[in-house]
Amino acid sequence: MNVGILGGTFDPVHNGHLILAEHARTQLALDIVLFVPAGEPWRKAHRTITPGEYRLAMLMLAITDHAQFGISDIELRHPGPTYTADTLETLAAERLDDEFYFIVGADALADLPTWHDPARIVKHAMLAVADRNGHELEAAIAAVPELAPRIVRFNMPPTQISSTEIRARVAAGDDISALVPAAVARYIAEHRLYTTA
Ligand code: ATP
Ligand code: MG
């Protein structure tokens with residue numbers, strides 16, 4: 001099987017993530033896309049991340065209508081920071097016959113040289129890279145020439161949505177119904193998430 005892996009904080013998951021996953025799935029002929037929420041992402045240490053159980057619950061609500069989307073809680077099960085390279089290595093060892101595609105937005109690709117052990121990441125997975133509005137995909141790839149042979153590209157319509165914007169809108173009392181699945185918006189309201197900026 002061709003397995004897409006979409007790692008992220010998903011605080012909260014939003015329509016941009018779903019559009020990203022769906023475009024990767026169809027264009028790269030992925031059989032499934034696994035969303036992998038981060039436990040304690042060290043790159044976002046400057047703000048408090050919503051506990052994993054809430055982020056996982058929102059992901060489950062977001063993917064119920066998508067038969068080819070799944071979730072792996074592998075990073076939530078490990079306390080402390082988890083590294084993409086370790087996650088991919090563990091998943092690859094569990095699924096020896098599968099081909100992995102680690103899905104990243106172009107902004108995340110630009111960060112890749114600062115990731116932990118990028119060589120080990122591309123040992124276990126191709127990098128499936130989308131364009132994200134406002135970021136130059138060509139420049140991002142040029143910055144990591146040694147990874148270029150492991151990069152495959154796909155297109156998606158630019159979507160400006162970010163979790164940061166959603167948290168800010170909720171804190172300001174603004175509507176987020178166009179940005180997240182309805183069930184996720186309801187969950188955020190019911191659990192009073194993101195009420196303070
Ligand atoms: P935050 O604003 O908190 O950083 P985010 O919206 O960027 O959140 P993440 O969980 O950090 O969401 O992102 C997970 C992955 O999804 C990353 O690879 C990121 O590049 C990608 N991504 C997020 N939003 C979009 C979008 N609107 N279009 C394309 N890719 C996106
Ligand atoms: Mg981000």
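Because the structure is a prediction, the values reported are computed rather than measured.

Colleague: Would you mind showing me how to read the pairing of strand β2 (residues 32-37) here?
Modeller: For a regular strand, side chains alternate in direction, first toward one face of the sheet and then toward the other. Of all the six residues making up β2, six are buried; the element is thus mostly covered by neighbouring parts of the structure. Alternating residues of β2 divide into Ile 32, Leu 34 and Val 36 and Val 33, Phe 35 and Pro 37, and every residue in both groups is buried. Between the parallel elements strand β1 (residues 2-8) and β2, the chain passes through helix α1 (residues 15-27) in a crossover that is right-handed. Summarising the sheet, β2 and strand β3 (residues 69-71) pair through three bridges and their orientation is parallel. Each bridged residue has a counterpart across the sheet, and for Phe 35 the counterpart in β3 is Ile 71.

Colleague: Any chance you could explain the site of ligand 1 here in plain terms?
Modeller: Contacts to ligand 1 come from 22 residues, most closely from His 14, Asp 107, Ile 161, Ser 163 and Thr 164. Within the side chain of Thr 164, a nitrogen or oxygen atom sits 2.4 Å from an oxygen atom of ligand 1. A total of 600 Å² of accessible area belongs to ligand 1 in isolation, and the protein chains cover 89% of it. Elements that contribute at least two residues to the shell around ligand 1 include exactly β1, α1, β4 (99-105), α4 (106-110) and α7 (163-171). Grouping the amino acids of the shell around ligand 1 by side-chain chemistry returns seven nonpolar, eleven polar and four charged.

About the cut-offs
- Starting from 1, residues in each chain are numbered consecutively following that chain's sequence as written.
- By the order in which they are written, chains take letters starting at A while ligands take numbers starting at 1.
- Only residues with pLDDT of at least 70 are given local features in this predicted model, and only at 80 or more are side-chain atom pairs given and counted; all residues enter the totals for whole chains, interfaces and linings.
- To obtain the side-chain values, all non-hydrogen atoms of the structure were included, while hydrogens and water were left out.
- A simple rule labels every residue: compare its accessible area, found with a 1.4 Å probe on the protein chains alone, to the largest value its type can have, and call it buried under 20%, exposed over 50%, or partly exposed in between.
- Secondary structure follows DSSP: runs of H or I at least 4 residues long count as helices, runs of E at least 2 residues long count as strands, and numbering of each begins at the N terminus.
- The handedness of a crossover follows from its direction of travel: if, with the strands pointing away from the viewer, the path from the first strand over the helix to the second runs clockwise, the crossover is right-handed.
- Whether two strands pair depends on DSSP finding at least two bridges between them.
- A cutoff of 4 Å decides nearness: a residue is near a molecule or strand if any of its heavy atoms lies inside that distance of it.
- Pairs of N or O atoms are called polar contacts if they sit within 3.5 Å, as long as, within protein, a hydrogen donor faces a hydrogen acceptor (for residues adjacent in sequence, only side-chain-to-side-chain pairs).
- Computed with the Shrake-Rupley method and a 1.4 Å probe, the accessible areas treat only the protein chains shown as cover for residues.
- Amino acid classes used here: Ala, Val, Leu, Ile, Met, Phe, Trp, Tyr, Cys and Pro are nonpolar; Asp, Glu, Lys and Arg are charged; the rest, including Gly, are polar.

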